[in-house]
Amino acid sequence: MLIANDPGMCAQYGVKPVLTILQTPVASPALVSGQVDMVVSAEFLQTAAKQPGSTTALGRIPTVPLHLYGGKEINSIAGLKGKTVGASTKGSLADLVLRQTFKDNGMTVGTDVEITYAGSSNALVGLAASGAIQAFIYNPPLPEVAAKAGVHEIAKLDGHPNVDPLGFSVFSVNTKFLKANRQAVSGMLRCIGDAMNKVKSDPEAAGALLAKAASQTPEAATAQVKENMQAYAMLPFKPEEAKIIMSALEAAGIYQFGTFDPATVIDNTLLTSS
């Protein structure tokens, strides 16, 4: 949003990006097909394994706060036994974190608890407010419509060594584009780094932009920016972290990676100059 609001922010690095918001299910296909050149997504590994050589990981954003919210009658993770919880899509951040959380609490998905897929975070908020699902994962603060319906925090899930890597959003780029435009990709990373630093230095200004885009109050939007402050950084994406995500996907029966080696599709060399 900061970059879109200030077209000159990236000019000093020789790039003039065209920005678009994509739903998670279409972001990776758009990247592989060349409709977009770079995306930030939590589903990079599935794409890289399905389409060898098509995408390259450049770095990651740290995990945002992950809180489990439940309906007014739910007060613990154990209280979700026999209930239905929501995630956006199968294999998404929320889906994997939910599965790991239930596993840690001795609950089996499909037997002790059901996961349903709503397609988006906004849809999950609506389903929880109406009582159609009994819990979902959301990074705070909770939207007012859900809070008024009695939805409340059950547990904080970030911090677990097998959960945090599942929350990484990965900067990935179309490999063909990277090979032909390495300098432009480097410039884009530098510009994104500048934007992240501006968010951290002036969360109120970032909150004002978010409030306008998301139809929130400035206070609520600024609170959301401050709550997610740890996510405004770019860090190396490591093969060992990728393997935790791969293991979670395989354990959930969502994806099998076979001989796929994530080290072959991770390139952090540009990140040092960003």
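Residues numbered from 1 in each chain as written. Predicted model: local features only at pLDDT ≥ 70, side-chain atom pairs only at ≥ 80, totals over all residues. Heavy atoms only, no water.

(A) Main features of the sheet that holds strand 6 (residues 135–138). Pairing is mixed in the open sheet, where five strands are placed in the order 5-4-6-3-7. Across the chains shown, the open sheet's two edge strands, defined by having one partner strand only, are strand 5 (114–117) and strand 7 (152–156). Between one strand axis and the next, the sheet turns through 35 degrees on average, direction left out of account. Judged from the four bridges that link them, strand 4 (residues 84–87) and strand 5 form a sheet pairing that is parallel. Within strand 5, the residue paired with T84 across the bridge is E114. Contacting strand 3 (67–70), strand 4, strand 5 and strand 6, helix 4 (residues 93–104) runs over the sheet at an angle of about 145 degrees to strand 4. In the packing of helix 5 (residues 121–130) onto the sheet, contacts are made with strand 4 and strand 6, and the angle to strand 6 comes to roughly 145 degrees. (Pairing = 2+ DSSP bridges. Helix = DSSP H or I, 4+ residues; strand = E, 2+ residues; numbered from the N terminus. Axes fitted to C-alpha atoms, helices over the stretch in contact; angles between N-to-C directions. Contact = heavy atoms within 4.5 Å.)

(B) Spotlight on the pattern of salt bridges. For the coordinates displayed, the defined rule picks out six salt bridges. Between D95 and R99 there is a salt bridge, with its nearest N and O atoms 3.0 Å apart. Of this pair, D95 and R99 both sit in helix 4, separated by four residues, roughly a single helical turn. We classify R99 as buried; its relative accessible area is 19%. Its salt-bridge partner being E144, residue K148 comes within 3.2 Å of it at the nearest N-O pair. On the criterion of helical spacing, the pair formed by K148 and E144 is a turn pair, its members being four residues apart in helix 6 (residues 144–148). (Salt bridge = Lys/Arg side-chain N within 4 Å of Asp/Glu carboxyl O. Buried < 20%, exposed > 50% of the residue type's maximum accessible area, 1.4 Å probe, protein only.)

(C) Layout of the nonpolar core. In terms of nonpolar packing, the biggest core is built from 40 residues, with L68 and F237 touching the most fellow members. If near-sequence neighbours (up to four positions away) are discounted, L68 is found in contact with I77, L80, L98, A135, F136, I137, H152, E153, I154, A155 and L157. L2, I3, V15 and I61 belong to the second-largest nonpolar core, a separate cluster that totals 28 residues. (Core = buried A, V, L, I, M, F, W, Y, C linked by side-chain atoms within 4.5 Å.)

(D) Just the environment of G59, in detail. Here G59 lies in strand 2 (residues 55–61). The exposure class assigned to G59 is buried, which follows from its relative accessible area of 0%. Along the chain, G59 and N5 lie 54 residues apart, while their C-alpha atoms are 24 Å from each other. Ignoring sequence-local partners within four residues, the contact set of G59 consists of S169, V170, F171, L235, F237, N268 and L271.

(E) Region of interest: helix 4. The first and last C-alpha atoms of helix 4 sit 17 Å apart over 12 residues, in line with the 16 Å expected at 1.5 Å per residue. When you tally the buried positions in helix 4, you get nine out of 12 residues, the bulk of the element. All of the buried residues along helix 4 are A94, D95, L96, V97, L98, R99, Q100, T101 and F102. Buried-residue contacts for helix 4 involve strand 3, strand 4, strand 5, strand 6 and helix 11 (239–251). (Expected span 1.5 Å × (residues − 1).)

(F) Here's a closer look at helix 5. Every buried residue of helix 5 is listed here: L124, V125 and A128. Looking down the long axis of helix 5, one finds its buried residues gathered within 100 degrees of arc, a one-sided arrangement. Looking at helix 5, the residues exposed on the side facing more than 90 degrees away from the buried face are N122 and S130. On its buried side, helix 5 packs onto strand 4, strand 6 and helix 6. Positive phi appears at G131, one or two residues downstream of helix 5, with a value of about 90 degrees. (Arc of directions from axis to C-beta.)

(G) Representation of the packing of aromatic side chains. Evaluated as defined, the whole model comprises four aromatic pairs. Residues Y255 and F257 carry aromatic rings whose centres are separated by 4.6 Å and whose planes lie at 50 degrees to one another, so their mutual orientation is tilted. Accessibility assignment for this pair places Y255 and F257 in one class, buried. Taken together, Y69, F136 and Y138 form an aromatic cluster joined through their ring pairs. When the ring centre of F168 is taken as origin, the NZ or CZ atom of R60, which lies over that ring, is 3.9 Å away. (Phe/Tyr/Trp six-rings, centres within 6.5 Å; stacked < 30°, edge-to-face > 60°. Lys NZ or Arg CZ within 6 Å of the ring centre and 35° of its normal.)

(H) Looking closely at the packing of helix 9 (residues 203–214) against helix 10 (residues 218–227). Running from amino to carboxyl end, helix 9 crosses helix 10 at an angle of 120 degrees, the nearest separation of the two axes being 7 Å. In this view, helix 9 runs oblique relative to helix 10, as classed from their interaxial angle. Regarding helix 9 and helix 10, the two cross each other, and that crossing is right-handed. Along the contact surface, helix 9 presents P203, E204, A206, G207, L210 and A211, while helix 10 presents P218, A221, T222, Q224, V225 and K226. Looking at the contact of helix 9 with helix 10 residue by residue, the class counts come to seven nonpolar, three polar and two charged. (Parallel < 35°, antiparallel > 145°, perpendicular 65-115°, else oblique. Left-handed = near helix turned anticlockwise from the far one by under 90°. Nonpolar A, V, L, I, M, F, W, Y, C, P; charged D, E, K, R; others polar.)

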